[in-house]
Amino acid sequence: MTELVLMLVVFAVSFGVGYLLISRVPPLLHTPLMSMTNAISAVTILGAILLFAVPTSLGDKVIGALALGAAAFNLVGGFVITDRMTRLFKTHQQPGSDGANHG
Amino acid sequence: MANWISILIDLSIIALLVIGIAQFRTPHGARRGNATAATALLMAIALVLYRHGILDPVLLALALLVGSAIGALIAMRVTMIQIPAMVAFQHGAGGVAASAIAFVELTRAGDQAGVVGEVSGFLGLIIGAATFSGSMLASAKLAAKIRQTPTVLPGHNLILLVLLGSIAGLCLFGASISGLPLALALGGALLAAVLLGLVFAVRIGGADMPVLISFLNATAGLAAAFCGVAIQNQLLIACGATVAASGTILTAVMCKAMNRSFVRVLAGGKLAPRPVTEKEEGGGGAREAAPPVPTRIARTPAEAVREAKAVLREAKSVIIIPGYGMALARAQFQVASLAKLLEQQGKAVSFGVHPVAGRMPGHMNVLLAEADVDYEKLREMDEVNKEFAATDAVLIIGACDVVNPAAIRVANTPISGMPIMNAHEARHVIVCNLDERPGYSGVKNPLYDEPKTLLLFGDANATVTELLEGISAQAAGVPSGAAERPGLAGDAAALLATSALSERLLKAEYAVRGPIVQRAQELEAKGEEIIYCNIGNPQALGQRPMTYMRQLLCLLEYPALLDEPAIVSRFPGDVVARARLVLAKHPHGTGAYTQSPGIPFIRQAVAEFISRRDGIPADPGKVILTDGASKGVQAVLTALLRSPQDGFMIPIPQYPLYSASLTLLGGQRIGYLLDEDNHWQLSEQSLTDSLSRAEQAGIHAVGLVVINPGNPTGAVLSRENIEMIIGVAHRHRLALIADEVYQENVYDDRCAFHSFAKVLHELGDTQTPLFSLHSVSKGFLGECGHRGGYLELRNVPAPVLQEFIKLQSIALCANVPGQLATYVMVAPPKPGEESHAGYVRERGAILEELKQKAALLGEGINRIPGMSVHLPQGAMYAFVRFELPQDPFIDLAAMSAEERAAYAARQEAQYCLNLLEETGICVVPGSGFGQQPGTLHFRATFLPQRREIQALVARLGEFHRRYTQRNQSSAA
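This section reports on the structure supplied with the text.

**Considerations on the pairing of strand β12 (residues 735-739) of chain B**
Residues and elements named next belong to chain B. Buried residues dominate β12, accounting for 5 of its 5 residues. Here β12 shows no split at all, with Ala735, Ile737 and Asp739 on one side and Leu736 and Ala738 on the other all buried. Two elements, strand β11 (residues 700-707) and β12, share 5 bridges in a ladder whose sense is parallel. Bridge pairing in β12 links Leu704 to Leu736. Handedness of the crossover joining β11 and β12 through helix α29 (residues 719-731) is recorded here as right-handed. Regarding the hand of the β-α-β motif, the stretch spanning β12, helix α30 (residues 756-763) and strand β13 (residues 770-775) is right-handed.

Put into structure tokens, the structure is as follows:
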């Protein structure tokens, strides 16, 4: 029960934080946002890897490999595309609020 | 590993992710944020691999490598236009992963899993599978592999319910079993979920794709989250929830921007009228008190383009509104160039991007960024909408619904209440859409009817290119800001705007050296290799001038050479003798004016030439030497056009000198079709048909133009054909213009050249006036640059002849080197003279080469599927007919004849422009010559070197294949 509650809390908090952060993303960047969140959703790769950490049948292994491949495709592809797209945006003027972000 | 270190690492991974997303507020930050998030996930992967012993490392590594490699490869090669389809596809992959993991987890747990595990597992399985199929369908629609229109099945909702029910049932059943039956039950539920996704997505139309993709983004996140619950992995839950939040936000933004409720979109089908609620009526804010009564101003396409160029030149502020049509036309690069140019000219330029422009939220921005547009110029709708009222010009590219004022003026339409870009508030509106068809909503756009709106329909890429040319051509030399400072510079620019020039000049079109050729020269200046097949300019393409001609001209231009024995001995004896003869007859030399109709002994030589050739008497007094045959043509037209209703019959297709000259001189054009299926011969029916049409239109035909051998067709008329033509001219009391400049270029052994003069004489016709033209530009001489030719008049009384000579005298005389070249043409070396053998050999070689090149080009083109040409019997051209796949969106039957012709012209122009840009081959679109309605042509010369022709044919075939494939896939 406590586990369920914990997971619900994690879900709710993540949803909330995500909502807050992402509603600040300007429409200019909506497309790369979608491809990046797509890549993030490929976090399922962790679940796929974990399948290989326990004894499973051959059939399960095959399915697991499929899941792993698909997730890897999603992960790598998503981040690469997002990188390509964000590189395209250039400006010759002084950018507005870039100074606020330090990474 | 110590527990607290483990927790710390987990927290730092989550922190990195949060930071990564938080950085996504500016483009620069977004790039960093992306890298940060990627790092976080890679850390998570490394951690998992470290913490857990992998039982099958080889298989794992393999799957990982293959998936990553394919993902990376495709991601690096996908084009920005393909992004929506790609992102949808990736959602699908995500769905597969979540679904597969859930499947394995459920089967492993069997009936041992708790309720939480079961429920979350099922949800992960189902949502993942439905996301997969829905995304694949969406991807296919976005890639235009399937049609965009929504498909509503009969009993659609019922089917959905049945599927949902069976899924629920199978899951409930599976909750209490294990082993093979469980696997089967789950497999069944999976399949049903896949079907569910398909059925769900298939009824969502193309323009609602932004909502669907955003929704699938959210479901992909949900699937991951539920997977996380099933395997009790907090990171999956957290990430999944975040992604779901993102998808939810984007979905809401899209629905709001389209003013359609989410449920409405999912219900799919055709857009239903949306009643405007009380709230919107009262406080909508964007409703206008009294919209203006639109009265569209009728303009021809050419006028609209001219006005648009003028508007852009004078505007101080421009807002560009791009739409999906711009992406389809691949016009973003030209649009970006235009924006840059306008900015350089000192105007304020920005782009107004409607949130729903494109097939994916924010897609337009990416396309424009790719075209190198400063992202600070990409303004959001709410921000830029306030500025339209103060803006001079709005340029709409491939957008309709997003600028449709009906959304705020008219109730009960599918777009009522949808926020739009207020383009209608600007001073001038320029629309560059393909055609007048409404957007996805089907609602007519009243903006098109407003007087201030200029409609430039057609391929946006071609239109914008035209605008670019118009503005850059005018801008050269005019400093920016000159319009603001009163003074000399400003005044000069205003005085000579094209609006002050002769209407006839502005209307005249000459395609042989039109915009495509100009573009070719631009590319050549940049270092591109261009094969010019646009103009019959033999010596520019490697043909050598005839030795005799140049030797004689050389001595005549610098007679002092004749006094130097050392030099004289370098020339053949007969050349020297001829030079002395000419100088004796015309002692003034090449620098002095001659008699207006030309040097007398040359006119004599022309008459003798005609006699020899045709065996008929010829009068030197009726020969006028002209600056090339073109001037002779213009002289005849000038003389014979008396009233504005007078017109000349000209062939379709024809060398555009005639159409352009008639326009310039204010005469009417009466086109008669040449019969392509009958080797381009003239038919009596065609001639009389065009005459009666002219009569009905109140046009009085005064003359008939025949080009033999034909340009651009290459057809050599049979004697019977010529007799028929003379008969028609005689009956209808028409004058005949016989353009015979290609008489030496006859390749087909079955054909022979018959001069109109000869046939006229042999028929005994003494009534029909005949004007025959010949020139040194073609044949085997190719002396285009020397501008030499003659006009021979028959059946023309003396007073009329005098008028012609008077006309000629206004320009004093034809240029002397040209007259001399004409002399050599009509009086070549005779048998027995020293140069004769060489002359005959050179002539034979050139003509034989042309003949072979004609066959080479003709046969090569006929082998290309989708192209055909009649093997040129003569002249220097192939008038190639080509076919393009039918665009399903274009309804030719609904167009008027003019619209169809304009559409064909646009298709040809785009084709030839692309051909030039992709292969360097420069040809002339068939619309420049005129053609049978419903056909597409271009004219190519076969003058380039032989090996160039082979390369040309190969490249042409490749291009045509690519072009037709491209157009087939984008026409959906």
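Here the narrative resumes.
**Quick word on the sheet that holds strand β15 (residues 867-868) of chain B**
Residue and element names in this part refer to chain B. The 4 strands lie next to each other as β15-β16-β19-β18, forming an open sheet whose pairing is antiparallel. Sheet topology places β15 and β18 (924-925) at the edges, where each strand pairs with a single neighbour. Relative to strand β16 (residues 877-882), β15 runs antiparallel, the two being bridged by 2 bridges. Paired with Met867 across the two strands is Phe882, which belongs to β16.

**Description of the pattern of salt bridges**
Residue and element names in this part refer to chain B. Applying the stated rule across the entire model yields 30 salt bridges over all chains. With a closest N to O distance of 2.9 Å, Glu792 and Arg794 form a salt bridge. Assigned by exposure class, Glu792 and Arg794 land together as buried. The network of salt bridges with common partners includes Glu918, Glu958, Arg961 and Arg962.

**Let's talk about a nonpolar patch on the surface**
A contiguous nonpolar surface patch, about 410 Å² in accessible area, is contributed by Val5, Val9, Val13 and Val17 of chain A together with Ile14 and Val18 of chain B. Residue assignment for the nonpolar patch shows that the elements contributing at least two residues are α1 (2-22) of chain A together with α1 (3-22) of chain B. With 4 residues, α1 of chain A is the single largest residue contributor to the nonpolar patch. Relative to the elements of secondary structure, Val13 of chain A occurs in helix α1. Given the relative accessible area of 48%, Val13 of chain A is considered partly exposed.

**A short note on the interface of chain A and chain B**
Counting from both sides, the interface comprises 85 residues of chain A and, opposite them, 104 residues of chain B. Approximately 8600 Å² of surface area, both sides summed, lies buried where chain A meets chain B, with 74% of it carried by carbon and sulfur atoms. Contact with chain B buries area across many residues of chain A, yet Met7, Met34 and Phe73 of chain A alone supply 9% of it, more than any other trio. Across the salt bridge formed by Asp372 of chain B and Lys90 of chain A, the nearest N and O atoms sit 3.0 Å from each other. Where chain A touches chain B, the interface holds 17 residue pairs in polar contact (both at pLDDT 80 or more). Of all the secondary structure elements, the ones that give two or more residues to the side of chain A that touches chain B are α1, α2 (30-41), α3 (44-51) and α4 (58-88) of chain A. For the side of chain A that touches chain B, the element with the most residues is α4 of chain A, which contributes 27 residues. Within the side of chain A that touches chain B, the residues separate by chemical class into 49 nonpolar, 27 polar and 9 charged.

The rules behind the values
Residues numbered from 1 in each chain as written. Chains lettered and ligands numbered in written order. Predicted model: local features only at pLDDT ≥ 70, side-chain atom pairs only at ≥ 80, totals over all residues. Heavy atoms only, no water. Buried < 20%, exposed > 50% of the residue type's maximum accessible area, 1.4 Å probe, protein only. Helix = DSSP H or I, 4+ residues; strand = E, 2+ residues; numbered from the N terminus. Pairing = 2+ DSSP bridges. Right-handed = clockwise from strand over helix to strand, strands pointing away. Salt bridge = Lys/Arg side-chain N within 4 Å of Asp/Glu carboxyl O. Patch = residues over 30% accessible without salt bridge, like charges linked within 9 Å, V, L, I, M, F, W, Y side chains within 5 Å. Areas by Shrake-Rupley, 256 points an atom, 1.4 Å probe, with all protein chains shown as cover. Contact = heavy atoms within 4.5 Å. Buried area = accessible area lost by both parts, 1.4 Å probe. Polar contact = N/O pair within 3.5 Å; in protein donor to acceptor, adjacent residues only side chain to side chain. Nonpolar A, V, L, I, M, F, W, Y, C, P; charged D, E, K, R; others polar.

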